[in-house]
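The chain contents come next:
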Amino acid sequence: MRICFVSNSHAGAIKRAIDADRTIARGHRIAFFASAAGNSAKYTFIDNVISTPDPDSIRYATGGAFTQIAPGDFDVLVFYGIQLGFGRWIFPGKGADHSLANCSSAFRGELINERLSDSLAMQFAFQVCSSDAWNAQVIVAPTPVQAPPETPRSAPFSIEVLNTAATRLCAGFGATFVPQPPETLDEAGFTRAHFAQNSLRFRPDAAPHPEDERNHMNAAFGALMLRDILAALR
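The structure reproduced in this document is the subject of the present report. (Residues numbered from 1 in each chain as written. Predicted model: local features only at pLDDT ≥ 70, side-chain atom pairs only at ≥ 80, totals over all residues. Heavy atoms only, no water.)

## Quick look at the overall build of the protein
Part 1 of the reasoning: Looking only at helices and strands, one finds seven helices and eight strands in the protein.
Part 2 of the reasoning: Since a compact globule built from 234 residues should have a radius of gyration of about 17 Å, the 17 Å found for the protein is in line with a globular shape.
Part 3 of the reasoning: Considered along the principal axes of its C-alpha atoms, the protein spans approximately 45 × 40 × 30 Å.
Part 4 of the reasoning: Taking all 234 residues of the protein together, the buried fraction comes to 51%.
Part 5 of the reasoning: Within the protein, residue pairs in contact and separated by at least 24 positions form 75% of the contacts whose partners lie at least 6 positions apart.
Part 6 of the reasoning: Working note: accessible area of the protein is about 11000 Å², and carbon and sulfur atoms make up 50% of it.
Part 7 of the reasoning: Once the 20 positive and 22 negative side-chain charges of the protein are each reduced to a mean point, those two points are 2 Å apart. (Helix = DSSP H or I, 4+ residues; strand = E, 2+ residues; numbered from the N terminus. Rg over C-alpha atoms; globule rule 2.2 N^0.38 Å. Buried < 20%, exposed > 50% of the residue type's maximum accessible area, 1.4 Å probe, protein only. Contact = heavy atoms within 4.5 Å. Areas by Shrake-Rupley, 256 points an atom, 1.4 Å probe, with all protein chains shown as cover. Lys, Arg positive; Asp, Glu negative; His and termini not counted. Charge placed at Lys NZ, Arg CZ, Asp CG, Glu CD.)

## Some points on the pattern of salt bridges
Side-chain pairing between opposite charges can occur once the charged atoms of the two side chains come close.
Part 1 of the reasoning: Following the criterion strictly, the structure yields five salt bridges and no others.
Part 2 of the reasoning: In this structure, R227 and E183 form a salt bridge, with 2.7 Å as the shortest nitrogen-oxygen distance. Residue R227 is located in helix α7 (residues 219-231), and its partner E183 is located in the loop between β8 (176-177) and α7; the two are separated by 44 residues in the primary sequence.
Part 3 of the reasoning: In this structure, R227 engages D228 in a salt bridge whose closest nitrogen and oxygen atoms are separated by 2.7 Å.
Part 4 of the reasoning: Residue classification places R227 among the partly exposed positions, given a relative accessible area of 37%.
Part 5 of the reasoning: Residue class for D228 comes out buried when judged on its relative accessible area of 19%.
Part 6 of the reasoning: Each of E183, R227 and D228 takes part in salt bridges that share partners, so that together they form one network. (Salt bridge = Lys/Arg side-chain N within 4 Å of Asp/Glu carboxyl O.)

## Quick word on the sheet that holds strand β7 (residues 137-141)
Part 1 of the reasoning: One open sheet accounts for five strands, arranged β2-β1-β6-β7-β8; its pairing is parallel. Where the open sheet ends on each side, the last strands, each with one partner, are β2 (29-34) and β8.
Part 2 of the reasoning: Where β7 lies against β8, two bridges are found, and the strand directions are parallel. Note that in β8 the partner of V140 across the bridge is F177. (Pairing = 2+ DSSP bridges.)

## So, the sheet that holds strand β5 (residues 68-69)
Part 1 of the reasoning: Pairing is antiparallel in the open sheet, where three strands are placed in the order β3-β4-β5. Edge strands, defined here as strands with exactly one partner in the open sheet, are β3 (44-46) and β5.
Part 2 of the reasoning: Taken together, the two bridges between strand β4 (residues 49-51) and β5 define a ladder with antiparallel strand orientation. By the bridge assignment for β5, I50 is matched with I69.

## Overview of the environment of D21
Part 1 of the reasoning: Within the fold, D21 resides in the loop between α1 (11-20) and β2.
Part 2 of the reasoning: Engagement of the side chain of D21 in a polar contact is seen with the side chain of T23, the distance being 2.5 Å. (Polar contact = N/O pair within 3.5 Å; in protein donor to acceptor, adjacent residues only side chain to side chain.)

## Here's the deal with α7
Part 1 of the reasoning: In this model α7 runs 18 Å from its N-terminal to its C-terminal C-alpha over 13 residues, within 8% of the 18 Å that 1.5 Å per residue would give.
Part 2 of the reasoning: The complete set of buried residues in α7 reads F221, G222, L224, M225, L226, D228, I229 and L230.
Part 3 of the reasoning: For α7, the secondary structure elements touched by its buried residues are β1 (2-7), α1, β2, β6 (76-80) and β7.
Part 4 of the reasoning: Between the side-chain oxygen of the N-cap and the backbone nitrogen of A220 there are 3.2 Å, and the N-cap of α7 in question is N218. (Expected span 1.5 Å × (residues − 1).)

## Looking at the pairing of β7
Part 1 of the reasoning: The buried fraction of β7 is high, at five of five residues.
Part 2 of the reasoning: What you see with β7 is no split at all: Q137, I139 and A141 on one side and V138 and V140 on the other are buried throughout.
Part 3 of the reasoning: Taken together, the five bridges between β6 and β7 define a ladder with parallel strand orientation. Bridging across to β7, Y80 finds its partner in A141.
Part 4 of the reasoning: Remark: the β7/helix α6 (residues 159-173)/β8 crossover connection has right-handed handedness. (Right-handed = clockwise from strand over helix to strand, strands pointing away.)

Here's what the structure looks like:
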């Protein structure tokens, strides 16, 4: 199948995994439409075409082969991690205006649904699924939860709450939600530290992240994430 990951810098873990071992792609033709930093927030869905006002920002991911995604270009679209930062929802950073953790379970559920619906991943997935022009399977997957901080802490609620809500929302419009592989998460709810070690930046020179990097994952994580996404193919 022709598969395209519409993503951000977190696609780097999957791309590095494939670069290291092409067999994990299981014969599928996998492409990436991804931008580092905030450039992915500029993606547009206009007249059934996914594009960006800054084509240069996705040139490394695409290899310069394409600058937009139109109906018929791919058999599967994977919206990976675009504004689906589950880790930040469970463990908000210092100075956050509000926290899902401080809400009642009922109110938290409403906020979760709102955040999910407002994300680019869900919005684009919905538009593809609801368009007569498209005939592609749609998969949605979240940004990896960050690795543990130096000061131990526990998740105030389980990531399963988010996974359940995302699964239900995707099923409602015909997409498939693929959660973060459970074996990559520790008992506190963070991604296990060794998956964040030796990760590379999402750019051509493949410079390594700092030793204390917590947010981006390595090729070992990418291989597991790809495994689960491919397992969800129809």
